[in-house]
Amino acid sequence: MSAAQDSSRPPDNGPAGQPGPAGQPGPAAAGQSDIGAANPDELERFFEETVARDRRIEPRDWMPDAYRKTMVRQIAQHAHSEIIGMQPEGNWVTRAPSLRRKAILLAKVQDEAGHGLYLYSAAETLGADRADLTDRLITGKQKYSSIFNYPTLTFADVGVIGWLVDGAAICNQVPLCRSSYGPYARAMIRICKEESFHQRQGYELLMTMMRGTDAQREMVQDAADRWWWPSLMMFGPPDADSPNTEQSMRWRIKRHTNDDLRQRFVDMTVPQAEALGVTLPDPDLRWNQERQHYDFGQPDWAEFKRIISGNGPCNAQRVANRRAAHEAGAWVRDAAAAHAAKQARVSRRGAMPAGLRSEA
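Residues numbered from 1 in each chain as written. Predicted model: local features only at pLDDT ≥ 70, side-chain atom pairs only at ≥ 80, totals over all residues. Heavy atoms only, no water.

Trainee: Give me the lowdown on the overall build of the protein, citing residues and values where you can.
Mentor: A tally of regular secondary structure across the protein gives 13 helices and 2 strands. Within the span of the protein, comprising 360 residues, buried residues form 48% of the whole. Across the protein, every contact between residues at least 6 apart in sequence was considered, and the portion connecting residues at least 24 apart equals 73%. About 17,900 Å² of surface is accessible on the protein, with carbon and sulfur atoms providing 55% of the total. (Helix = DSSP H or I, 4+ residues; strand = E, 2+ residues; numbered from the N terminus. Buried < 20%, exposed > 50% of the residue type's maximum accessible area, 1.4 Å probe, protein only. Contact = heavy atoms within 4.5 Å. Areas by Shrake-Rupley, 256 points an atom, 1.4 Å probe, with all protein chains shown as cover.)

Spelled out as structure tokens, the structure:
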């Protein structure tokens, strides 16, 4: 059946006004306003039906401006978090206690950089500009995860970040592999696989330390005490105070609410803490037989608001380091751009008829 015969499908409007393949509605990100003869209400209806059927929205598909804006905000914040998240553990690369631990940590920090690049690329499919996103980060106009604004005081923090922080990230991000926006969902598949490996690395480090000296065991407990509550904050504010959850759920950008994900994380982590021999710092933490879930206390949400407002222990340091790295790398970006321009000129010259090449 052709697009013209299918009354449930809006007219195909591909990039730059070119016809798209059957079943692909709407223009690309850069040309969303050029909808040709398509009825905006029809495009909206088709978008909603696509999401409701659990099908993916792709970059060339028509999408509401609000959906595009939401996706850019979420993906950019996620990308920023991966890049800023290199700093707390990167701080320990030169002080790792063995060559093995140094190699593991270097590989993990490198993975986080790769995650940021995947996600910036996904944001670009929505028409965002990577340089603009970086500028928004280093000028404080866009946020990143609050968890990375806490200091890493001992090497045990590296293990606890792997266990708790990456564990919370896995709870948050595995459902995003089924996000309604295709490029984001596909990027999350590889990211989640690597985050799962990071969590196992962190837990293995902690198990090794817990089999060590009393001082090492105390170091692990101290790190768990400091990182437990910030890890719970990673899921965002309570559902009642979350301004974006309802719409993101309706668009199937996310599949579970903040509170549901937080509960999953607690249920998953308590048995791990018991096996490790670590006490989680929550006097309200106990199994609820009726609910078949753990009851637990609430983080300090006033502290959460201070952190995301830029007033955490390490906010200024994290952004200053990122700004300095961006400025120090300007010559690399300039050189890469000059090389790309040169290669483009060579390619154009090679494609010219022989008689015209001398004039190029």
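Trainee: Hey, could you go over the packing of helix 2 (residues 65-84) against helix 4 (residues 99-124) for me, with residue numbers and the actual values?
Mentor: At a closest axis distance of 8 Å, the pairing of helix 2 and helix 4 adopts a crossing angle of 160°. Here helix 2 lies roughly antiparallel to helix 4, going by the angle between them. Here helix 2 runs over helix 4; the crossing is left-handed. Every residue of helix 4 that contacts helix 2 at Ile 75, His 78, Ala 79, His 80, Glu 82 and Ile 83 is listed here: Glu 112, Ala 113, His 115, Gly 116, Leu 119, Tyr 120, Ala 122 and Ala 123. The class makeup of the residues in the contact of helix 2 with helix 4 is 8 nonpolar, 4 polar and 2 charged. (Axes fitted to C-alpha atoms, helices over the stretch in contact; angles between N-to-C directions. Parallel < 35°, antiparallel > 145°, perpendicular 65-115°, else oblique. Left-handed = near helix turned anticlockwise from the far one by under 90°. Nonpolar A, V, L, I, M, F, W, Y, C, P; charged D, E, K, R; others polar.)

Trainee: Describe the pattern of salt bridges, naming the residues involved and giving the relevant values.
Mentor: Using the criterion set out here, one finds 18 salt bridges in the structure. Among the ionic pairs, Glu 89 bridges to Lys 108, the shortest N-O distance being 2.7 Å. In this pair, Glu 89 sits in helix 3 (residues 86-90) while Lys 108 sits in helix 4, placing the two residues 19 residues apart along the sequence. Owing to a relative accessible area of 4%, Glu 89 belongs among the buried residues under this scheme. What you see here is one network of salt bridges that share partners, running through Arg 45, Glu 49 and Arg 53. (Salt bridge = Lys/Arg side-chain N within 4 Å of Asp/Glu carboxyl O.)

Trainee: Got a sec to walk through the environment of Val 93? Specific residues and values, please.
Mentor: Along the chain, Val 93 falls in the loop between helix 3 and helix 4. When residues no more than four places from it in sequence are discounted, the contact partners of Val 93 are Lys 102, Leu 105 and Leu 106.

Trainee: Which residues make up the packing of aromatic side chains, and what values go with them?
Mentor: Summed over the entire model, instances satisfying the criterion amount to 10 aromatic pairs. Plain terms: the ring middles of Trp 92 and Phe 155 are 6.0 Å apart, the flat faces sit at 70° to each other, and that makes the pair edge-to-face. On the criterion of sequence distance, the pair formed by Trp 92 in the loop between helix 3 and helix 4 and Phe 155 in the loop between helix 5 (130-138) and helix 6 (156-173) is long-range, its members being 63 residues apart. An identical accessibility class is assigned to Trp 92 and Phe 155; each is buried. Ring geometry for Trp 301 versus Phe 304: centroids 5.4 Å apart, planes at 85°, classification edge-to-face. With Trp 301 and Phe 304 both in helix 11 (residues 301-311) and 3 residues apart, this pair spans about one turn of that helix. (Phe/Tyr/Trp six-rings, centres within 6.5 Å; stacked < 30°, edge-to-face > 60°.)

Trainee: So what's going on with the nonpolar core? Which residues, and what values?
Mentor: Note on soluble globular proteins: their nonpolar side chains tend to be buried together. Core analysis: the largest hydrophobic core is formed by 79 residues, its most contacted members being Tyr 67, Ile 75, Tyr 181 and Trp 227. Considering each element in turn, this core owes the most residues, 10 residues, to helix 6. Look past the residues within four positions of Ile 75 in its chain and what remains in contact with it is Leu 119, Ala 122, Ala 123, Leu 126, Tyr 181 and Tyr 184. (Core = buried A, V, L, I, M, F, W, Y, C linked by side-chain atoms within 4.5 Å.)

Trainee: Break down the environment of Ser 309 for me, with residues and values.
Mentor: Relative to the elements of secondary structure, Ser 309 occurs in helix 11. Accessibility expressed as a relative area gives 55% for Ser 309, which makes it exposed. Sequence spacing of Ser 309 and Gly 140 is 169 residues, and the spatial spacing of their C-alpha atoms is 9.5 Å. In terms of polar contacts, Ser 309 uses its side chain to reach the backbone carbonyl oxygen of Lys 305, at 2.7 Å. (Polar contact = N/O pair within 3.5 Å; in protein donor to acceptor, adjacent residues only side chain to side chain.)

Trainee: Explain helix 5 residue by residue, including any values.
Mentor: Turning to helix 5, its buried residues number three or more, namely Leu 133, Thr 134, Leu 137 and Ile 138. Down the axis of helix 5, the buried set is contained in an arc of 130°. They therefore lie on one face. Those residues of helix 5 that are buried are in contact with helix 2, helix 4 and helix 12 (315-328). With a side-chain oxygen positioned 3.2 Å from the backbone nitrogen of Ala 131, the residue opening helix 5 is Asp 129. Phi for Gly 140, located one or two positions after helix 5, is positive at around 80°. (Arc of directions from axis to C-beta.)

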